[in-house]
Amino acid sequence: MASSATPYVWSLILLFAALLISIILLYAARFSARLEVKDLAALRSMFDRFPAWGRRASWAQQNSFEAFAMHAPAALHAVVAVLNGHALPGIAVPVALAHPVLRVAYISAYLLNVPIARSVAWFLGLLCSGILYGVGLEALV
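Residues numbered from 1 in each chain as written. Predicted model: local features only at pLDDT ≥ 70, side-chain atom pairs only at ≥ 80, totals over all residues. Heavy atoms only, no water.

Visitor: How should I be thinking about the packing of helix H3 (residues 92-111) against helix H4 (residues 115-140) in this particular structure?
Guide: Helix-helix packing is characterised by the crossing angle of the two axes and by the distance between the axes. As a packed pair, H3 and H4 sit with axes 8 Å apart at the nearest point and diverge in direction by 155 degrees. If you check the angle between H3 and H4, you find them roughly antiparallel. As for how H3 packs across H4, the hand of that crossing is left-handed. For the pair formed by H3 and H4, the contact residues are Ala 92, Val 95, Ala 96, Ala 98, His 99, Leu 102, Arg 103, Ala 105, Tyr 106, Ala 109 and Tyr 110 on the first element and Ala 117, Arg 118, Ala 121, Trp 122, Leu 124, Gly 125, Leu 126, Cys 128, Ser 129, Ile 131, Leu 132 and Val 135 on the second. (Axes fitted to C-alpha atoms, helices over the stretch in contact; angles between N-to-C directions. Helix = DSSP H or I, 4+ residues; strand = E, 2+ residues; numbered from the N terminus. Parallel < 35°, antiparallel > 145°, perpendicular 65-115°, else oblique. Left-handed = near helix turned anticlockwise from the far one by under 90°. Contact = heavy atoms within 4.5 Å.)

Here it is, written out as structure tokens:
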């Protein structure tokens, strides 16, 4: 049984780092498309000027925000459960820490245009969040 909130906090920190990576890649795409001051008025209108990898970076960045919004409450729920004295099953820590790793794999597969790897990483990341929600709820009920 997991009794420390530390792995769940690290899950949040690492997931936030993966989100930052996606933002950095998006800005790399913007600069490769020759970002100009006038573009700051409508950054999304630059999309058509992005190289193919840049368009994928944009989509990966958008999905990274969605994944963060999905996983963060599950990790916070685990933190709250543990801090309130509830023990989570042993699977909770591996799935919490696997999710950020899977997000980096997802972003990489998206950039490299490997749709099967991207889909597998996305699905497994979603599964990790689902498991974390489940064990957190089970501990509190």
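Visitor: Would you take a moment to explain H3 for this structure?
Guide: Note that an α-helix has 3.6 residues per turn; residues three or four places apart therefore point the same way. Look at H3: 29 Å from first C-alpha to last across 20 residues, which is about the 28 Å you get at 1.5 Å a residue. His 99 marks the point of greatest bend in H3, at about 25 degrees, and the proline Pro 100 comes within the next four residues. Of the surrounding elements, those touching the buried residues of H3 are helix H1 (6-32), helix H2 (52-83) and H4. (Expected span 1.5 Å × (residues − 1). Bend = angle between axes of the 7 residues up to and from the residue.)

Visitor: Just to check I follow, could you spell out a nonpolar patch on the surface for this structure?
Guide: On the surface, a cluster of nonpolar side chains totalling about 730 Å² of accessible area is made up of Met 70, Ile 116, Val 120, Trp 122, Phe 123, Leu 124, Leu 126 and Leu 127. Here the nonpolar patch takes 7 residues from H4, the largest share from any one element. Relative to the assigned elements, Leu 127 resides in helix H4. (Patch = residues over 30% accessible without salt bridge, like charges linked within 9 Å, V, L, I, M, F, W, Y side chains within 5 Å. Areas by Shrake-Rupley, 256 points an atom, 1.4 Å probe, with all protein chains shown as cover. Salt bridge = Lys/Arg side-chain N within 4 Å of Asp/Glu carboxyl O.)

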